[in-house]
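Observations on the three-dimensional arrangement
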Amino acid sequence: MKKIKNFLALCLVLLCSGGLWAQSLQLGAAKRDITPNPLLPVSGGIGTPQPATKQEGALSVRAMVLEKGATRVAIVNIDNLGWPAALGDLSRALIPDIPKENILIGSTHTHSGPDAYGFPNEKGETFADQSYLDFCVRQVADAVNEALATKQPVDLRMAVGEAKGKIAYNYYAPELYDPRCGVIQALGKTGNKKGEVIATLVNYAIHPEVIGAGRGILSPDLCGPLYDRIETKTGGMALFMNGAQGGMVTADNRLEGGKEANDYAECTRIGNLLADEALRIVSGAPLQTDPSLYITARSVDFLIDSPVMNYILSKSPLKYKIPKPGVARTQVNLVNIGSAQILTIPGEALPNIGYYLKRKMKGKQPFLFGLTNDAFGYILTEVDFNSFKRYEYVSRTSLGEQTGEIYIKEALELIQEAPAPDETKK
């Protein structure tokens, strides 16, 4: 009897210290408000940012940290057009307890945020606010560090399904877009958080440009209402990771007569609808009570053939990774979380690339995190590059003709080398 009591006492100690859960998947989530005060000019791409006189919604950084055994992964979204690795690496240096290559930072691609690229104008002048960017760098690190410090054992629900309704379309060819929405939802496993939603991640391909850059409004666009809707309905934190939304998968704000709805009410309609669809898609997913966690990363070099992109990279005050003239270097990650497999894309891949890679990926739930770890413009296949008049703009703002080929090759190798994700736990 004494031995039994001693064993039970040891179990209690281990339970209280987290020892029994050391091999369980643990997850923490945290967010920060990064709305500039006073407001900063809005950048929708190349050129001089437009002054902002009004704010609709708050810009934010949202971090989710996962841990199982010795493996730690951070997934971060930031409300901006793009977030270059030159900025992401500054945050990674402030996060001591997660391997730098395991920190994935993706932009939501709102077209109503401050310039984070340091876009030069025709005179070589740039207008990015360095003090604001430094502030954001710290907020990213703070959110990740807090998420790590507050991690707890979780179960997961994960699903990929078609999001229905008037959410997105392809401006170049209306039906050529991916309507699938991927969702990862974490629920507390123990204690007073057992069964409660801790975080919900939504992965969907869309340009959040309902408002755009020319209206003098600083905004997270449709992402803000999406966060609010999910958090109101679930109580947990919401994240949004974009997908393969290049050329030109945009918000479906079309009206009759060729007009568009360009106000925050339309952002709210689309954001709420996408949030509702994401929650519908994941609601019936089986609970995964012992999901695995795997991550790998590789450095990838892209050729810079585009005069426009070369001008931006060379004239920007940010220190882009240029190992030698004509070459840009970035990182691509592959992550398995339970039955889901995730690939990162360092730019805006066209939908055909997204469809192809999802077809080649292992596991039941393929996720593509676009504009993650870098945001090197559009990513086209060699046969699409400069092949149609419609593609003149996306070709001009791509690194070059081989960008898609290089990315696909590296992504396929990562897929082949990685273990298969879990089968869904019943």
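Going along each chain's sequence as written, the residues are numbered from 1 onward. In keeping with the predicted nature of the model, local features appear solely for residues at pLDDT of at least 70, side-chain atom pairs appear and are counted solely at 80 or more, and the whole-chain, interface and lining totals rest on all residues. Heavy atoms throughout the structure, all of them, feed into the side-chain values; hydrogens and water do not.

Thoughts on the overall build of the protein
Definition in use: Secondary structure elements are defined from DSSP: runs of H or I of at least 4 residues count as helices, runs of E of at least 2 residues count as strands, and each element is numbered from the N terminus. What the globule rule says is 2.2 Å times the number of residues to the power 0.38, and the radius of gyration is computed from C-alpha atoms. Type-normalised accessible area, obtained with a 1.4 Å probe on protein chains alone, sets the label of each residue: buried when under 20%, exposed when over 50%, and partly exposed for intermediate values. The contact criterion used throughout is that any non-hydrogen atoms of two residues lie within 4.5 Å. Throughout, the Shrake-Rupley method with a 1.4 Å probe supplies accessible areas, and for residues the shown protein chains are the sole cover considered. Note that His is not counted, nor are the chain ends; the positive residues are Lys and Arg, and the negative ones are Asp and Glu. A single reference atom marks each charge: NZ on Lys, CZ on Arg, CG on Asp, CD on Glu.
Regarding its fold elements, the protein presents nine helices and 18 strands. Its C-alpha atoms give the protein a radius of gyration of 21 Å, near enough to 22 Å, the size a compact globule of 426 residues would have. The dimensions of the protein, computed from C-alpha atoms along their principal axes, are 85 × 45 × 40 Å. Across the 426 residues of the protein, 59% fall into the buried class. Look at the contacts in the protein between residues 6 or more apart in sequence, and 80% of them connect residues 24 or more apart. Accessible surface for the protein amounts to roughly 17,100 Å². Of this, 53% is attributable to carbon and sulfur atoms. Once the 45 positive and 45 negative side-chain charges of the protein are each reduced to a mean point, those two points are 7 Å apart.

Observations concerning the layout of surface pockets
Cut-off, in case you're wondering: The way it works is a 1 Å grid over only the protein atoms, where trapped points that fit a 1.4 Å probe form a cavity and open points with protein on both sides within 12 Å along at least five of seven lines form a pocket, and then any residue with an atom within 4 Å of a point lines it. Grid points are joined across faces, edges and corners, and a volume is the space filled by probe spheres set on the points. Throughout this entry, Asp, Glu, Lys and Arg are counted as charged residues, while Ala, Val, Leu, Ile, Met, Phe, Trp, Tyr, Cys and Pro are counted as nonpolar. The remaining residues, Gly among them, count as polar.
Of the volumes computed, that of the largest pocket is approximately 320 Å³. Along the walls of the largest pocket sit 23 residues, with G45, F119, E348, G377 and Y393 positioned nearest its centre. Here the lining of the largest pocket is built from residues that sort into 13 nonpolar, seven polar and three charged.

A word on the side chain of S398
Summarising the element assignment, S398 is placed in the loop between α8 (392-396) and α9 (403-417). For S398, a relative accessible area of 0% gives the class buried. What S398 contacts, discounting residues up to four positions off in sequence, is S306, M309, Y378, L380, F385 and T403.

So, the side chain of K358
Tracing the backbone shows K358 in helix α7 (residues 351-360). K358 has contacts with D178, R180, P366 and L368, leaving out every residue within four places of it along the chain.

Notes on the packing of aromatic side chains
Rule in force here: Two rings from Phe, Tyr or Trp (for Trp, the six-membered ring) form a pair when their centres are within 6.5 Å of each other. A pair whose planes differ by under 30 degrees is stacked, one over 60 is edge-to-face, and the rest are tilted.
Here the structure, examined in full by the defined rule, presents six aromatic pairs. Measuring from ring centre to ring centre gives 6.0 Å for Y172 and Y391, while their planes differ by 45 degrees; the resulting arrangement is tilted. A residue pair is termed long-range when its members are at least 10 positions apart, and Y172 in the loop between β7 (168-170) and β8 (180-188) and Y391 in the loop between β18 (378-379) and α8 qualify at 219 residues. Its relative accessible area of 18% is what places Y172 among the buried residues.

Section: the state of the cysteines
For the record, the criterion: Cysteine sulfur atoms are paired as a disulfide whenever they fall within 2.5 Å.
Tallied over the full model, the rule gives zero disulfides. Here C181 stays unpaired: no disulfide links it, and the sulfur of C223, its closest cysteine neighbor, is 12 Å away. With no disulfide of its own, C267 lies 8.9 Å from the sulfur of C223, the closest cysteine sulfur. Residue classification places C267 among the buried residues on the basis of a relative accessible area of 0%.

Observations regarding the sheet that holds strand β15 (residues 340-344)
Applicable threshold: At least two DSSP bridges between two strands are needed for those strands to be called paired. Note on method: axes are straight lines fitted to C-alpha atoms, helices fitted across the in-contact stretch only, with angles between N-to-C directions ranging 0 to 180 degrees.
Here we have four strands laid out as an open sheet, ordered β13-β14-β15-β17, and mixed in their pairing. At either end of the open sheet lies a strand with only one pairing partner, and these are β13 (293-303) and β17 (365-369). With strand direction ignored, the average angle separating the axes of adjacent strands in the sheet is 15 degrees. Here strand β14 (residues 327-337) pairs with β15 via four bridges, running antiparallel. When the bridges of β15 are listed, V335 appears paired with I342.

Let's talk about unusual backbone geometry
Looking along the chain, the bond that leaves N37 and enters P38 is cis, with omega of 5 degrees. Locating P38 in the fold gives a position in the loop between β1 (26-33) and β2 (54-55). Cis geometry is found at the peptide bond from G247 to M248, where omega equals -20 degrees. Mapped onto the secondary structure, M248 falls in the loop between β11 (237-242) and β12 (249-251). Even without being a glycine, H109 presents a positive backbone phi close to 80 degrees. With respect to the element layout, H109 can be found in the loop between β5 (103-107) and α3 (130-149). The class of H109 is buried, set by a relative accessible area of 3%. Non-glycine residue L371 carries a positive phi angle of around 55 degrees.

Details of the pattern of salt bridges
Put simply, the rule reads: Any carboxyl oxygen of Asp or Glu within 4 Å of a side-chain nitrogen of Lys or Arg constitutes a salt bridge here.
Taken as a whole and assessed by the stated rule, the structure comprises 25 salt bridges. Here K233 and D276 are joined by a salt bridge, their closest N and O atoms 3.0 Å apart. With K233 in helix α4 (residues 223-234) and D276 in helix α5 (residues 264-283), the pair connects residues that are 43 residues apart, well separated along the chain.

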